[in-house]
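Descriptive structure summary
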Amino acid sequence: MCRTGQAPDPGEEEDVHATDAVFTSLLEDSAEELYEQAPCGYLSTLMDGTIAKINATLLEWLGLERSRVVGRMRFTDLLTVGGKLYHETHFAPLLQMKGEVSGIALDIKGAVGRMPVLVTSKVKTSEGGEPLLIRTTVFDARDRRAYEAELLRGRRAADEARRQAEADRVRLQEALAVLQQSLLPAELPAVPGMEAASYYHTASPDLLGGDFYDLFPLDAHRWAFFLGDVCGKGPQAAAVTSLARYTLRAAALHDSDPVTALTTLNTVLHDRYSSGEGRYCTAVFGVLQPEDGHVEVHLASGGHPSTLIQRADGSADYLHTPGGMLIGVLPQARFTAARARLLPGDTLLLYTDGLTEARTGPGRALYGDEALRAFTSAQPAQGPRALITALTGLLASFGDGLDDDTALLALGVPALSATPGVTT
């Protein structure tokens, strides 16, 4: 911009002259030339559709001479069969009702085949409101149609990819469910004079969990049980779960002392995984020995939550096993043993920390050991099946606050009036 009283620079003066030349050339365009060479098609028709005027642009798209069109053809003659049908059933009635229609997608019979266009029409009326003619603009929609087709292909490809991904996810979940079940006993065996029940909650159908449990005979008079939790999820955790389960079963048949069994598992895990990414677990291992009217329990814990005993009188207390170390972390680990006696109506509950670490309430606080003890005390002492049923309902009440797998195993002595049995 020039300052007041200062002559423009030579470069600025040239720009001004160039701009003036452009405006001058535009002003020299005639209205007829602007109509004929417009970047869109123009035509005017009588009310019956007979073409009265058409510009050169549209004639070029159609590949027709003006003499063959004006006064000889109707607008619908320019359309494909589908376009003509749509014009008669939708376009024309809407134009008659509203006096104008805008941006309607049709196909015309172009010089090189079907040509997609966007059509806008408006009825010109007399001062008295009588319709005189129809003015129509036709815009080339080939690029837009190609773009829309590409979008449609992309959407279909995305939909197909989503359907395939969902089908793959369903198949994966089914395979994981089968594999998860293979890491657990198909059903608990019947223990004479006792009742057993179990439950396994899977937090995510897309991930293998690391919780495990088992109950099996040692000899004609004693039974072994264990419940544990492997650190992590996925195939690696499943491999550790399988190794832990079968190691404990083999160790128990060799030496059923609970501390010895956990020590054997610690040695196996540490030797197997110490050279790479460390793998460890927590577990409770125990032995049941039914006697006349009661069951002696001898168990040991390695870093696992204490077991809970629901008594026949309605009380519930933990069988504390403090000091037990994680299994597989150190070459030498210390494990804590405990003993208990189950009388008729008593139930021993083993669980993984998915239960006590569930988030509850508006503050998302941990459910905790004391809440579990109070919940168990509030349940009627009706045996393992009833207790597992109640705990299953409790887990369901946590909703999305339960974000970890949870395994439950309950072992009890039926009340004197009840009949022993097993459920899983």
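Structure's up top.
Residues numbered from 1 in each chain as written. Predicted model: local features only at pLDDT ≥ 70, side-chain atom pairs only at ≥ 80, totals over all residues. Heavy atoms only, no water.

What to know about the overall build of the protein chain
Of regular secondary structure, the protein chain possesses ten helices and 17 strands. Burial analysis of the protein chain (424 residues in total) assigns 41% to the buried set. Restricting to contacts in the protein chain with at least 6 residues of sequence separation, those with at least 24 account for 61%. (Helix = DSSP H or I, 4+ residues; strand = E, 2+ residues; numbered from the N terminus. Buried < 20%, exposed > 50% of the residue type's maximum accessible area, 1.4 Å probe, protein only. Contact = heavy atoms within 4.5 Å.)

Examining the nonpolar core
Counting 27 residues, the largest nonpolar core has Leu215, Phe225, Leu288 and Val297 as the members making the most contacts within it. At the level of elements, strand S6 (195-201), strand S7 (211-217), strand S8 (223-230), strand S9 (281-291), strand S10 (294-302), strand S13 (336-342), strand S14 (347-351) and strand S17 (406-412) are the ones that each hand at least two residues to this core. Core analysis: the second largest hydrophobic core is formed by 25 residues, Leu243, Ala251, Ala283 and Phe335 among them. (Core = buried A, V, L, I, M, F, W, Y, C linked by side-chain atoms within 4.5 Å.)

Quick word on the pairing of S13
Here S13 shows one buried face, formed by Thr336, Ala338, Ala340 and Leu342, and one open face, formed by Ala337, Arg339 and Arg341. In this structure, S10 lies alongside S13, joined through seven bridges in antiparallel fashion. From the neighbouring strand, Glu296 faces S13, where its bridge partner is Arg341. (Pairing = 2+ DSSP bridges.)

As for the pattern of salt bridges
Between side chains of opposite charge, a pair can form when the charged atoms approach closely. Counted under the stated rule, the structure contains 15 salt bridges. The residue Asp346 makes a salt bridge to Arg311 at a minimum N-O spacing of 2.8 Å. With Asp346 in the loop between S13 and S14 and Arg311 in the loop between strand S11 (307-310) and strand S12 (316-319), this residue pair connects regions lying 35 residues apart in the sequence. Asp346 gets classed as buried once you look at its relative accessible area, which sits at 3%. (Salt bridge = Lys/Arg side-chain N within 4 Å of Asp/Glu carboxyl O.)

So, a nonpolar patch on the surface
Nonpolar side chains collect at one region of the surface, where Tyr280, Leu326, Val329 and Leu330 lie side by side and expose about 300 Å² of accessible area between them. Relative accessible area serves as the criterion here: at 36%, Leu326 is assigned to the partly exposed category. (Patch = residues over 30% accessible without salt bridge, like charges linked within 9 Å, V, L, I, M, F, W, Y side chains within 5 Å. Areas by Shrake-Rupley, 256 points an atom, 1.4 Å probe, with all protein chains shown as cover.)

Notes on the pairing of S17
Taking burial as the measure, the seven residues of S17 include seven buried ones, the bulk of the element. Across the two faces of S17 the burial is the same, with Thr406, Leu408, Ala410 and Gly412 and Ala407, Leu409 and Leu411 all buried. Bridging between S14 and S17 involves five bridges; their strand directions are antiparallel. If you follow Leu350 over to S17, its bridge partner there is Leu409.

Some details on helix H7 (residues 235-254)
Relative to the 28 Å expected for 20 residues at 1.5 Å per residue, H7 spans 29 Å between its end C-alpha atoms, a close match to the ideal helical length. Every buried residue belonging to H7 is among Ala237, Ala238, Val240, Thr241, Leu243, Ala244, Arg245, Thr247, Leu248, Ala251 and Ala252, and all of these are buried. (Expected span 1.5 Å × (residues − 1).)

Notes on unusual backbone geometry
Phi at Arg364 is positive, roughly 55°, even though this residue is not glycine. By relative accessible area, which is 39% here, Arg364 ends up partly exposed.

Description of the packing of aromatic side chains
Counted according to the given criterion, the structure contains six aromatic pairs. Seen from their ring centres, Phe216 and Phe226 are 6.1 Å apart, and the 65° between their planes marks the pair as edge-to-face. Residue Phe216 is located in strand S7, and its partner Phe226 is located in strand S8; the two are separated by ten residues in the primary sequence. For Phe226, a relative accessible area of 0% gives the class buried. Ring plane angle 15° and centroid distance 6.4 Å describe the contact between Phe226 and Phe285, whose orientation is recorded as stacked. Separated by 59 residues along the polypeptide, Phe226 in strand S8 and Phe285 in strand S9 bring together distant segments of the chain. By relative accessible area, which is 0% here, Phe285 ends up buried. Taken together, the ring pairs connect Phe212, Phe216, Phe226 and Phe285 into an aromatic cluster. Sitting over the face of the ring of Phe216, Arg249 holds its NZ or CZ atom 4.4 Å from the ring centroid. (Phe/Tyr/Trp six-rings, centres within 6.5 Å; stacked < 30°, edge-to-face > 60°. Lys NZ or Arg CZ within 6 Å of the ring centre and 35° of its normal.)

A few points about the environment of Leu299
On the secondary structure map, Leu299 appears in strand S10. C-alpha separation for the pair Leu299 and Ala340, spaced 41 residues apart in sequence, amounts to 8.6 Å. Dropping the residues within four chain positions of it, Leu299 is found in contact with Phe225, Pro258, Val284, Phe285, Gly286, Thr307, Leu319, Thr321, Thr336, Ala337 and Ala338.

Considering the sheet that holds strand S4 (residues 113-125)
One open sheet accounts for five strands, arranged S2-S1-S5-S4-S3; its pairing is antiparallel. Since the sheet does not close on itself, it has two edges, and those belong to strand S2 (51-54) and strand S3 (100-110), each with one partner. Between one strand and the next, the sheet's axes are offset by a mean angle of 30°, whatever the strand orientation. As defined by bridge partners, strand S1 (residues 41-45) adjoins S2 across three bridges and the pair is classed as antiparallel. (Axes fitted to C-alpha atoms, helices over the stretch in contact; angles between N-to-C directions.)

With respect to the packing of H7 against helix H8 (residues 258-273)
Close contact between H7 and H8 brings their axes to 9 Å; oriented N to C, the two are set at 140°. Accordingly, the angle class assigned to the pair H7 and H8 is oblique. Where H7 crosses over H8, the two elements pack in a sense that is right-handed. Contact residues: H7 offers Ala239, Val240, Leu243, Ala244, Thr247, Leu248 and Ala251, while H8 offers Ala261, Leu262, Thr264, Leu265, Val268, Leu269, Arg272 and Tyr273. Of the residues belonging to the contact of H7 with H8, the class tally is twelve nonpolar, two polar and one charged. (Parallel < 35°, antiparallel > 145°, perpendicular 65-115°, else oblique. Left-handed = near helix turned anticlockwise from the far one by under 90°. Nonpolar A, V, L, I, M, F, W, Y, C, P; charged D, E, K, R; others polar.)

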